[in-house]
Amino acid sequence: MSQFTDICRINVKGGNGGAGCMSFRREAFVPKGGPDGGDGGHGGNVVIQADAQLSSLIDYRFKHHFRAEDGTHGKGARKDGANGADLVLKVPMGTVIRELDASTMEPAYEIADLTHDGERVVVAPGGTGGLGNPHFVTSTRRAPAFAQKGEPSLEHWIELEMKLMADAALVGFPSVGKSSLIARMSAARPKIADYPFTTLVPNLGMVRAGEYSYVVADVPGLIEGAAEGKGLGHQFLRHVERTALILHVVDITGSYEGRDPLEDYRIINDELRRYASELADRPQIVVANKCDASGVSDRVQALKMAALADGHEFFAVSALTGAGLQTLMLACGERVSKLRLELAEQQTDEPAFDEEKWERARKQREKRFHVELEEPGAWRVVGTNLERMVVQTDWENEEAVIYLQHRMARMGVDDALAKAGCRNGDEVRILGYAFNFEGLEADDEEFDEDELLDSDLIEPEAAEEEVE
């Protein structure tokens, strides 16, 4: 029996960037060769891509750590390092990807919802390759004796949650006959038995009736309190969210427990409403099952009146004998067809997931930084781009450190520290590094705005963005 996995957590890490090379041209008859260090290669990205051929997240049940390939280091003679290969992880359509908070391991925000075949998103960008020393040549710095280190990529945990992509979902109490119905309606062959919770994983079946074809999901039985997570409520209810049509199955006999079918109908609808309010407004067809039993005509009529009063279609069927099933299947197919047309009219030409929009949002987040007081006289600055600059700096090289200080001043770090109350001589901490605060003045002879803008490292447009 194939295993079904609908939610899992994995650790992803892009490849590290290769280091830039500090090198000078050394050839016969060229006594003063200029800098010729190559750039480091960028690390590979970890990419998640939707694949229509997959039906579960089973590939991530036992393996949880994934890392892309590192970039290689630059060399002399302007030889750049090779970029690392991307690592593409394939998931079923309908997979939601969330960032997990590192401290609580709870979902922090949604990264993407991949609902179409081929949609993809970068979940762990590779580290940027370090720049070789030719990039730091300016009118006043003709022979820079430093290069950038490669950027280590970030490692983090994400959550993958698969929500079934079905047209209709069979919902109801345990043992109302949902598995028997899907077996009758389609080629699906779920496990069927006369005890509760026989179905522990959702089953999908392709139904063909007349000119219609559609996918039906058999969602495991719900119980009262499912919206609060009782039983396996949350795990099952999430699969109803994507379906266009709900087939609400009620055991008209009351099952072996002798339940009231009308009360069962109301309880399940209440659970759907409490889990997600929009589910209460989802198109619904009420199906009274086991109508071949004797003495149930009054119950069938009572349930029919309640369903019609709520604005739902009603069908009385028997999964055992097949009575009424063909009519139900045709009505369901017609309803699904109309819902598909309505959905198509609502959709625009834009893809369901805009990778470029996500990338822009990620880069905007990375530009931000904030200052916080850790203890009297000691401040910490936190920010992705800022931390990237720090780890790419060779702290043993005085030129490289001065260059970092200039860039930080242009990003507004000095101003932010001063505004927060930082004074000259206070300790400033970034990652594992610490230095004393000495705000650069505008007339500081070490700080040359034109010099920085002339550098190949920062394009003028990028410089304007950073100043903002």
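Please refer to the structure placed before this passage.
These notes cover the structure that comes with them. These figures come from a predicted structure and were not determined experimentally.

### Re the overall build of the protein
Line of reasoning, step 1. For the protein, the helix and strand inventory stands at eleven helices and 18 strands.
Line of reasoning, step 2. Buried positions account for 48% of the 468 residues belonging to the protein.
Line of reasoning, step 3. The long-range fraction of contacts in the protein, counting pairs at least 24 apart against all pairs at least 6 apart in sequence, stands at 72%.
Line of reasoning, step 4. Carbon and sulfur atoms provide 48% of the accessible area of the protein, an area that totals close to 23,700 Å².

### Let's talk about the packing of aromatic side chains
Line of reasoning, step 1. Enumeration according to the criterion identifies six aromatic pairs in this entry.
Line of reasoning, step 2. These aromatic residues form a ring-pair network of at least three members: F136, F146 and Y403.

### A look at the sheet that holds strand β17 (residues 427–430)
Line of reasoning, step 1. Taken together, the four strands give an open sheet; going across it, the order is β15-β16-β17-β18, and neighbouring strands pair in mixed fashion. At either margin of the open sheet sits one strand with a lone partner, and together these are β15 (370–375) and β18 (433–436). Each strand of the sheet is rotated relative to its neighbour by a mean of 30°, with strand direction disregarded.
Line of reasoning, step 2. Alignment of β15 against strand β16 (residues 378–382), held across five bridges, turns out to be antiparallel.

### What to know about the pairing of β18
Line of reasoning, step 1. Two strands pair when backbone bridges link them, and β17 and β18 are joined in this way by four bridges, in the antiparallel orientation. In the sheet register, E427 faces β18, and the bridge partner there is N436.
Line of reasoning, step 2. Connecting β17 to the antiparallel partner β18 that follows it, the hairpin turn spans two residues, and L431 within it adopts a positive phi of roughly 55°.

### Comments concerning the side chain of S318
Line of reasoning, step 1. Among the structural elements, S318 can be located in the loop between β14 (313–316) and α5 (325–346).
Line of reasoning, step 2. Owing to a relative accessible area of 2%, S318 belongs among the buried residues under this scheme.
Line of reasoning, step 3. Side-chain polar atoms of S318 contact the side chain of T321, separated by 3.1 Å.
Line of reasoning, step 4. Ignoring sequence-local partners within four residues, the contact set of S318 consists of N289, K290, C291, D292, A323 and L325.

Parameters and conventions
Each chain carries its own residue numbering, running from 1 in the written order of its sequence. Per-residue local features of the predicted model are confined to residues with pLDDT of at least 70, and side-chain atom pairs are confined, for both listing and counting, to 80 or more; whole-chain, interface and lining totals are unaffected and use all residues. To get the side-chain values, all heavy atoms of the structure are used, and hydrogens and water are removed first. Secondary structure is summarised from DSSP: a helix means a run of H or I of at least four residues, a strand means a run of E of at least two, and numbering begins at the N terminus for each. Burial classes follow relative accessibility: with a 1.4 Å probe on protein chains only, a residue under 20% of its type's maximum area counts as buried, one over 50% as exposed, and anything between as partly exposed. Contact definition: two residues touch when any of their heavy atoms are within 4.5 Å. Only the protein chains shown count as covering a residue, and every accessible area follows the Shrake-Rupley method with a 1.4 Å probe. Centres within 6.5 Å make a pair out of two Phe, Tyr or Trp rings, where for Trp the six-membered ring is used; the pair is then stacked when the planes are under 30 degrees apart, edge-to-face when over 60, and tilted otherwise. Two strands make a pair as long as DSSP finds a minimum of two bridges between them. Axis definition: a line fitted to C-alpha atoms, over the contacting stretch in the case of helices. Angles run 0 to 180 degrees between N-to-C directions. We define a polar contact as two N or O atoms separated by no more than 3.5 Å, with the added condition that, inside protein, one atom must be a possible hydrogen donor and the other a possible acceptor, whereas residues neighbouring each other in sequence contribute only through side-chain atom pairs.

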